[in-house]
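Letter by letter, the chains look like this.
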Amino acid sequence: MLDITRKPMPSSRWPLPDPMRRALDAAAEAARTGAVPVGAVVVHRGRIVATSYNAPPGHHDPSAHAEILAIRAAASALGQDRLEDCDLWVTLEPCAMCAGAIAHARIGRLYYAAADPKGGAVEHGPRLFDQATTLHRPEIYSGLGEDEAAGLLKDFFARLRS
Ligand code: ZN
């Protein structure tokens, strides 16, 4: 079940749902490994079954985005390739590759924190789930935890430049 007893972040008025809290913690872990800080969590019927962070450098794999790794881990843990009864929580608007994987996985609900005007493919760019040809459109909720998610990214890129 969602843990709503955690303390709210200073920047937000309400406590974050536990999966987003964990996705943000995973994003911070990505930054510690030198990868762009994005974290993802898959919840199956109220239980977290996968937590991953963006790791292309560590995996030597350009497709090792947080969402892809979390979807793979969840599908493996559940022993199924369709995740209709799963929710994906991710700290950044998914890119086209990940949005495609979300459609293929038939993810039930997508929650993402920060919008990504440059690389996002949900409310920006190709708007994949709005296309008539999309395989599947999850329920989509955005904005929960966006200040913290955007702050992690901002700090990461500021450090790269310094
Ligand atoms: Zn992606």
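Scroll up a little and you will see the structure.
As a starting point, this report considers the structure included with it. Just so you know, the residues in each chain are numbered from 1, in the order the chain's sequence is written. Side-chain atom pairs in this predicted model are given and counted only at pLDDT of 80 or more, local residue features only at pLDDT of at least 70, and totals for whole chains, interfaces and linings cover all residues.

1. Here we look at the overall build of the chain
Condition: Secondary structure elements follow DSSP: runs of H or I no shorter than four residues count as helices, runs of E no shorter than two count as strands, and numbering proceeds from the N terminus. We call two residues in contact if the C-beta atoms placed from their backbones are at most 7 Å apart.
A count of helices and strands for the chain gives five helices and five strands. Traced from its N-terminal end to its C-terminal end, the chain shows the element sequence α-β-β-α-α-β-α-β-β-α. If you line up the chain on its principal axes, its C-alpha atoms span 40 × 35 × 30 Å. When contacts within the chain are restricted to residue pairs at least 6 apart in sequence, long-range pairs at least 24 apart make up 56% of them.

2. Here's the deal with the nonpolar core
How we decide: The term nonpolar core refers to a group of buried residues, namely Ala, Val, Leu, Ile, Met, Phe, Trp, Tyr and Cys, whose C-beta atoms join them within 7 Å. Here a residue counts as buried when 20 or more other C-beta atoms sit within 10 Å of its C-beta, as exposed when there are 12 or fewer, and as partly exposed otherwise, the C-beta atoms being derived from the backbone.
Ranked by internal contacts, the top residues of the largest apolar core, which has 47 residues, are Val42, Ala70 and Leu88. For this core, the secondary structure elements donating two or more residues are α1 (18-32), β1 (39-44), β2 (47-53), α3 (66-78), β3 (86-92), α4 (96-105), β4 (109-114) and α5 (146-161). Setting aside anything within four residues of it in sequence, one finds Ala70 in contact with Ala40, Val41, Val42, Ala50, Thr51, Ser52 and Leu88.

3. Description of the sheet that holds β3
Whenever strands of a sheet pair, they do so through backbone hydrogen bonds, lying parallel or antiparallel. As a reminder of what qualifies: Should DSSP find at least two bridges between two strands, the strands are regarded as paired. All axes here are fitted lines through C-alpha atoms, helices being fitted over the stretch that makes contact, and every angle between N-to-C directions spans 0 to 180 degrees.
Strand order in the open sheet formed by five strands is β2-β1-β3-β4-β5, with mixed pairing between adjacent strands. The sheet terminates laterally at β2 and β5 (139-142), the two strands that pair on one side only. Direction aside, the axes of adjacent strands within the sheet are offset by 15 degrees on average.

4. A word on the packing of α1 against α5
Quick note on the threshold: An angle below 35 degrees is treated as roughly parallel, one above 145 as roughly antiparallel, one from 65 to 115 as roughly perpendicular, and anything else as oblique.
In contact at an axis separation of 10 Å, α1 and α5 are set at 5 degrees when each is read in the N-to-C sense. Our classification of the angle between α1 and α5 gives roughly parallel. Contacts between α1 and α5 pair Leu24, Ala27, Ala28 and Ala31 from the former with Glu148, Ala149, Leu152 and Phe156 from the latter.

5. With respect to the environment of Glu146
By the element assignment, Glu146 lies in helix α5. Taking the C-beta count within 10 Å as the criterion, Glu146 has 19 such neighbours and is therefore assigned partly exposed. Leave out the neighbours within four places in its chain, and Glu146 touches Ala113 and Ala114.

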